[in-house]
Amino acid sequence: MRVGLMGATGMVGTEMLRILDERSFPVSELRAYASARSEGRRLPFAGGEVVCEVLRPGCFDGLDLVIVDVDDPLSLEWSPQAVASHAQVIDKSSAFRMDPDVPLVVAEVNPEDMRNMPKGIASCPNCTTMIPVTALAPLHRAARIDRMVVSTYQSVSGAGQVGLRELDSQWTKLDGRSEELRHSGAQPGFLVQGEVWDKPIAGNVIPLAGSVKEQGYTSEEWKMVHESRKILHDDAIRCTVTCVRVPVYVGHAVSANVRFHRPVTKAEVVELLRDAPGVLLVDDGDGYPTPQEAAGIDPVLVGRVREDPSEPGSIDLWITGDNLRKGAALNGVQMAELLL
Ligand SMILES: NC(=O)c1ccc[n+]([C@@H]2O[C@H](COP(=O)([O-])OP(=O)(O)OC[C@H]3O[C@@H](n4cnc5c(N)ncnc54)[C@H](OP(=O)(O)O)[C@@H]3O)[C@@H](O)[C@H]2O)c1
């Protein structure tokens, strides 16, 4: 396939180059696009290099597939141009996710939806949605989810390269100042305010990921509500979410309390998840998975499976995955493999 990669220098784009090579995706030609800042930059790919170009009219001519790893406005502008150049598009931004004519696909959950791409575009879900949905889909198929109460613990790389840089620069300033931090309270200026978050992220937890939308819910929270329904083909799923940014570099985690349309036991969940595609159960004895263990590997890790003592038949679980791999690039390559 002749492949174009928009956003090749970004967090997701960099991972994309690595995974295309790791999985030996058949690339006969690769064109890498980024901003004017990166024009001419050489990126490692498949033992060689690819040189970054800027986007310009006609730049997709001759390509079979364009993978979009840029923000929504750029995707809205350039994805239709890729389609007009007769390329199929796999988009990781949220620009087209809720369009009824665009499938929203998790490769292990609803691969059959890739057969119906009337606009020539298929979307990848938000990383915060994709990670829990990969693990919850087998449970949904078995007992149908009625309601989920979800809290997220989202890493800074989910906000792109600027998020990673912001945490790095703030950790450096915190180094050796734990005593001072203990007494600083909310004193302004203890840490210089960042550009991505209006409060320090190093040594902190920010209970507002994304931007505030209707009913005080954030964009990330609404994505979880709407995208999980679309992926699981069930508009009746009720879902309430609090999205939280934590000072972790890579790897999102989710705590979920799930009620089903029939009572479910821990033993049944363990049985269903033991061989579920894309899932690794880490639930023996005291074992539990953390984002650091999920970073850099493909499966979504599940642990702390418990029966909810306050509501018999409901289940609590902890799910963590690499937001740049399964949460974005790996799923993108799996979608491209489905196209093949
Ligand atoms: N990060 C995640 O965990 C994650 C997960 C799922 C989905 N996504 C989605 O994936 C997309 C990319 O996210 P990311 O985290 O990789 O962002 P990022 O690290 O900020 O990278 C953004 C990319 O866009 C490029 N870009 C910026 N302005 C451009 C322009 N005018 N023309 C061409 N390219 C331009 C950047 O190039 P320069 O380097 O030249 O600036 C860079 O390659 C977003 O839509 C995001 O919502 C992200």
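None of the values given here were measured: they were computed from a predicted structure. Position labels on residues start from 1 in each chain and follow its written sequence. Owing to the predicted nature of the model, reporting of local features is limited to residues with pLDDT of at least 70; listing and counting of side-chain atom pairs is limited to 80 or more, with chain, interface and lining totals taken over all residues.

**Let's talk about the domain arrangement of the protein**
Think of interface size as the accessible area that goes away when the parts come together; that is how it is often given. Domain boundaries in the protein define domain 1 (2-125 + 329-339) and domain 2 (129-155 + 205-323). An automatic or database domain assignment provides the domain bounds reported here. If you average the C-alpha positions of domain 1 and of domain 2, the two centres end up 27 Å apart. For the side of domain 1 that touches domain 2, the residue count by class is 6 nonpolar, 3 polar and 2 charged. Under the scheme applied, nonpolar residues are Ala, Val, Leu, Ile, Met, Phe, Trp, Tyr, Cys and Pro; charged residues are Asp, Glu, Lys and Arg; polar residues are all the others, including Gly.

**Some words on the nonpolar core**
Counting residues in each nonpolar core, the largest one holds 89 residues, and the members touching the most others are Leu5, Val66, Ile67, Ile90, Val302 and Ile319. Looking at this core element by element, the count peaks at 9 residues for helix α3 (residues 127-143). Beyond its immediate chain neighbours, meaning those up to four positions away, Ile67 contacts Val3, Leu5, Met6, Met16, Ile90 and Gly332. Each nonpolar core comprises buried Ala, Val, Leu, Ile, Met, Phe, Trp, Tyr and Cys residues, the members being joined through C-beta atoms within 7 Å. As a rule, residues whose C-beta atom has 12 or fewer other C-beta atoms within 10 Å are exposed, those with 20 or more are buried, and those in between are partly exposed; C-beta atoms are placed from the backbone. Counting from the N terminus, the helices are the DSSP runs of H or I reaching at least four residues and the strands are the DSSP runs of E reaching at least two. Here contacts are defined at the residue level, using C-beta atoms placed from the backbone and a cut-off of 7 Å between them.

**Here we look at the site of the ligand**
Only the C-beta atom matters for this test: placed from the backbone, it must lie within 6 Å of a molecule or strand for the residue to be near it. Contacts to the ligand come from 28 residues, most closely from Gly10, Ser35, Ser38, Ser93 and Gly160. Those elements that place two or more of their residues in the shell around the ligand are α1 (11-22) and α9 (325-339). Residue contributions to the shell around the ligand peak at 3 residues, all from α1. Of the residues belonging to the shell around the ligand, the class tally is 11 nonpolar, 13 polar and 4 charged.

**Some remarks on the sheet that holds strand β5 (residues 65-68)**
Paired strands, as defined in this entry, are two strands with at least two bridges between them according to DSSP. Across the sheet, 7 strands lie side by side as β3-β4-β2-β1-β5-β6-β7; this open sheet has mixed pairing. Lying at the two open borders of the sheet, with one neighbouring strand each, are β3 (42-45) and β7 (121-123). For this sheet the average axis-to-axis angle between neighbouring strands, irrespective of direction, equals 25°. Across 2 bridges, the pairing between strand β2 (residues 29-33) and strand β4 (residues 48-53) is parallel. Looking at β4, one finds that Tyr33 is bridged to Glu53. An axis is simply a line fitted to the C-alpha atoms; with a helix, the fit covers only the stretch in contact. Between two such axes, the angle follows the N-to-C directions and lies from 0 to 180 degrees.

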